[in-house]
Amino acid sequence: MSEKDILREKILRLKEKINAIILAHNYQREEVQEIADYAGDSLELSRTAASIKCDVIVFCGVNFMAESASILSPEKTVILPEISACCPMADMITVSGPRRLKTQFPGYHYTGGYRYSSDFTLKDIKALHPGAPVVAYVNTTAEVKAESDICCTSANGVKIVESLDSDKVICIPDRNLSAWIAKNTKKEVIAWDGFCHVHDRVTPDDVLRARTEHPNAVLIAHPECRIEICEMADHVTSTSGMVRFAKASEAKEFVIGTETGLLYKLRKDNPDKTFYPLRKDMVCPNMKKTTLSSVFHAMETMTYKIKVPEEIRVPAKRALDRMLAVK
Ligand code: 13P
Ligand code: SF4
């Protein structure tokens, strides 16, 4: 028996003992996706966390995901195996204090609306657009969700914005998802200037190169990619949307414009099809922090427990529940 097999057996035994369910995001390491009870995109994982019956949720992902699980299911113990697994984009906006992450935003041309960044806070942008509902991407802190009207994910952003009874909406924090939403709605979108460093690095040259190298491949992009990349792609969708699309498609080759962790599931589900990453360096270091040993250690020691204070959890849950109610 290999060391990994021994670890896997130990995890399975512990899981039963503490009545735990392991959730993993589609970007997690292969070994972690394999041991998970459910692997999926942010929307699927939120729905699962809200409805699953268990005492403990071991969330293999980044901190805002575990926070959302705890917001939706406060009666359960939610464990994040790697406490430093964070999403830099989620830290690009705060409610009122200084930003946690002092990223320098590179110059970026955006024509779909206004963009705010640097010393602006969510409170500032709300004051500038009174009455405009705030749509928070789930990649935000619990505090930011608590100050927002509704959440969205990459799978339902356009649908959520369309569901709102307002001609103007504030979309935070991803400028690229906001631009994609703006392109697909008639509503005015006020966008924040945040971005995912993994997706934002893709350039039109990468797309042209992939098209030359794989002329028969269908190119799928995640809406966290820049708008010019989404416009060049054959299809734009969330990670699980990519899995469904590739399965249903008659094409045999695909270029995948998202974090490379998704290739594991795509290849496993479609052994007769070939998948190429749009860029080999589309790797989220935070998503890769969790390993089989960290999952085992987390379950053995029940660390790290993620709990959101009630005064933040209740309004944050309202925003998540509103999103989950949109069919
Ligand atoms: P989805 O899996 O919801 O498409 O999310 C992408 C992402 O970057 C999560 O951090
Ligand atoms: Fe955040 Fe991007 Fe990593 Fe997703 S892939 S967790 S958006 S940094």
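The rules behind these values
Residues numbered from 1 in each chain as written. Chains lettered and ligands numbered in written order. Predicted model: local features only at pLDDT ≥ 70, side-chain atom pairs only at ≥ 80, totals over all residues. Heavy atoms only, no water. Helix = DSSP H or I, 4+ residues; strand = E, 2+ residues; numbered from the N terminus. Rg over C-alpha atoms; globule rule 2.2 N^0.38 Å. Buried < 20%, exposed > 50% of the residue type's maximum accessible area, 1.4 Å probe, protein only. Contact = heavy atoms within 4.5 Å. Areas by Shrake-Rupley, 256 points an atom, 1.4 Å probe, with all protein chains shown as cover. Near = heavy atom within 4 Å. Nonpolar A, V, L, I, M, F, W, Y, C, P; charged D, E, K, R; others polar. Pairing = 2+ DSSP bridges. Axes fitted to C-alpha atoms, helices over the stretch in contact; angles between N-to-C directions. Salt bridge = Lys/Arg side-chain N within 4 Å of Asp/Glu carboxyl O. Lys, Arg positive; Asp, Glu negative; His and termini not counted. Polar contact = N/O pair within 3.5 Å; in protein donor to acceptor, adjacent residues only side chain to side chain. Core = buried A, V, L, I, M, F, W, Y, C linked by side-chain atoms within 4.5 Å. Phe/Tyr/Trp six-rings, centres within 6.5 Å; stacked < 30°, edge-to-face > 60°. pLDDT = per-residue confidence, 0-100.

**Q** Outline the overall build of the protein, supporting the account with residue identities and numerical values.
**A** The helix and strand tally for the protein stands at 15 helices and 13 strands. For the protein, the C-alpha radius of gyration of 19 Å lies close to 20 Å, the compact-globule estimate for 327 residues. Each principal axis of the C-alpha distribution contributes one length, and for the protein these read about 60 × 55 × 35 Å. The buried share among the 327 residues of the protein stands at 59%. For the protein, long-range pairs separated by at least 24 residues make up 64% of all intrachain contacts whose partners lie at least 6 apart in sequence. Summed over its atoms, the accessible surface of the protein is roughly 13,900 Å², and 51% of this surface lies on carbon and sulfur atoms.

**Q** I'd like a rundown of the site of ligand 2, residues and numbers included.
**A** Lining the immediate environment of ligand 2, one finds Tyr 27, Val 62, Cys 87, Pro 88, Met 89, Asn 139, Cys 196, His 197, Glu 224, Cys 284 and Met 287. Here the residues of the shell around ligand 2 sort into 8 nonpolar, 2 polar and 1 charged.

**Q** Explain the sheet that holds strand E11 (residues 235–236) to me, and be specific about the residues and the numbers.
**A** Pairing in this open sheet of 4 strands is parallel, and the strands run E11-E10-E12-E13 from one edge to the other. Of all the strands in the sheet, just E11 and strand E13 (274–277) have a single pairing partner and so form its edges. Bridging between strand E10 (residues 218–221) and strand E12 (residues 253–257) involves 4 bridges; their strand directions are parallel. If you follow Ala 221 over to E12, its bridge partner there is Gly 257. In the packing of helix H13 (residues 262–269) onto the sheet, the strands contacted are E12 and E13, and the crossing angle to E13 comes to about 170°.

**Q** A description of the pattern of salt bridges should follow, citing residues and the corresponding values.
**A** Inspection of the entire model under this criterion finds 22 salt bridges. We note a salt bridge from Glu 44 to Arg 244, for which the minimum N-O separation is 3.2 Å. Residue Glu 44 is located in helix H3 (residues 42–51), and its partner Arg 244 is located in helix H12 (residues 239–248); the two are separated by 200 residues in the primary sequence. Classification of Glu 44 by relative accessible area gives partly exposed; the value is 29%. Put simply, Arg 226 and Asp 200 hold a salt bridge, and the shortest N to O gap is 3.0 Å.

**Q** Please provide a residue-by-residue account of the side chain of Lys 187, values included.
**A** As for its position among the elements, Lys 187 is in the loop between helix H8 (175–183) and strand E9 (188–192). It is Asp 167 that comes nearest to the buried, bridge-free Lys 187 among opposite-charge side chains, at 4.7 Å. In this structure the side chain of Lys 187 is engaged in a polar contact, spanning 3.0 Å, whose partner is the backbone oxygen of Ser 166. Every residue in contact with Lys 187, bar those within four places of it in the chain, is listed here: Val 161, Glu 162, Leu 164, Ser 166, Asp 167 and Val 169.

**Q** Break down the site of ligand 1 for me, citing the residues and quoting the values.
**A** The immediate surroundings of ligand 1 are formed by 13 residues, with His 25, Ser 42, Ser 154, His 222 and Thr 239 found nearest. One of the side-chain nitrogen or oxygen atoms of Asn 139 is found 3.4 Å away from an oxygen atom of ligand 1. Glu 224 places a side-chain nitrogen or oxygen 3.2 Å from an oxygen atom of ligand 1. Taking 300 Å² as the accessible area of ligand 1 by itself, protein coverage stands at 96%. A per-class count over the shell around ligand 1 returns 4 nonpolar, 7 polar and 2 charged.

**Q** Give a description of the nonpolar core that names residues and reports values.
**A** Counting residues in hydrophobic clusters, the biggest one holds 70 residues, and the most contacted among them are Ile 57, Phe 59, Val 135, Leu 278 and Met 323. When residues no more than four places from it in sequence are discounted, the contact partners of Val 135 are Ile 150, Cys 152, Ile 160, Val 161, Leu 164, Val 169, Ile 170, Cys 171 and Ile 172.

**Q** Give me the packing of aromatic side chains: which residues, what numbers.
**A** The geometry of an aromatic ring pair is captured by two quantities: the separation of the ring centres and the angle between the planes. Evaluation of the coordinates by the stated rule reveals 1 aromatic pair. The interplanar angle of 15° and the centroid separation of 5.2 Å between the aromatic rings of Phe 254 and Phe 275 together place this pair among those described as stacked. Taken as a pair, Phe 254 in strand E12 and Phe 275 in strand E13 lie far apart in primary sequence, 21 residues in all. On the accessibility criterion, Phe 275 (2% relative accessible area) is buried.

**Q** Pulling in residues and values, what's your account of the confidence of the model for the protein?
**A** Predicted confidence across the protein gives a mean pLDDT of 92, with 93% of residues reaching 70 or more. Counting contacts from residues 100–116, a segment whose pLDDT is below 50, to residues more than four positions away or on other chains yields 48 contacts.

**Q** Quick one: what's the story with the sheet that holds strand E1 (residues 20–25), residue by residue and with numbers?
**A** The 4 strands lie next to each other as E2-E1-E3-E4, forming an open sheet whose pairing is parallel. Of all the strands in the sheet, just strand E2 (38–40) and strand E4 (77–79) have a single pairing partner and so form its edges. The mean angle between the axes of side-by-side strands here comes to 20°, regardless of whether they run parallel or antiparallel. The pairing of E1 with strand E3 (residues 56–60) spans 5 bridges and is classified as parallel. What sits directly across from Ala 24, in E3, is Cys 60.

**Q** Could you give an account of helix H4 (residues 63–72), naming the residues involved and the relevant values?
**A** Within H4, 8 of the 10 residues are buried, leaving the element largely enclosed by the surrounding structure. Phe 64, Met 65, Ala 66, Ser 68, Ala 69, Ser 70, Ile 71 and Leu 72 are the residues of H4 that are buried. In this structure, the buried side of H4 is in contact with E1, H3, E3, E4, helix H6 (142–146) and helix H15 (310–325).

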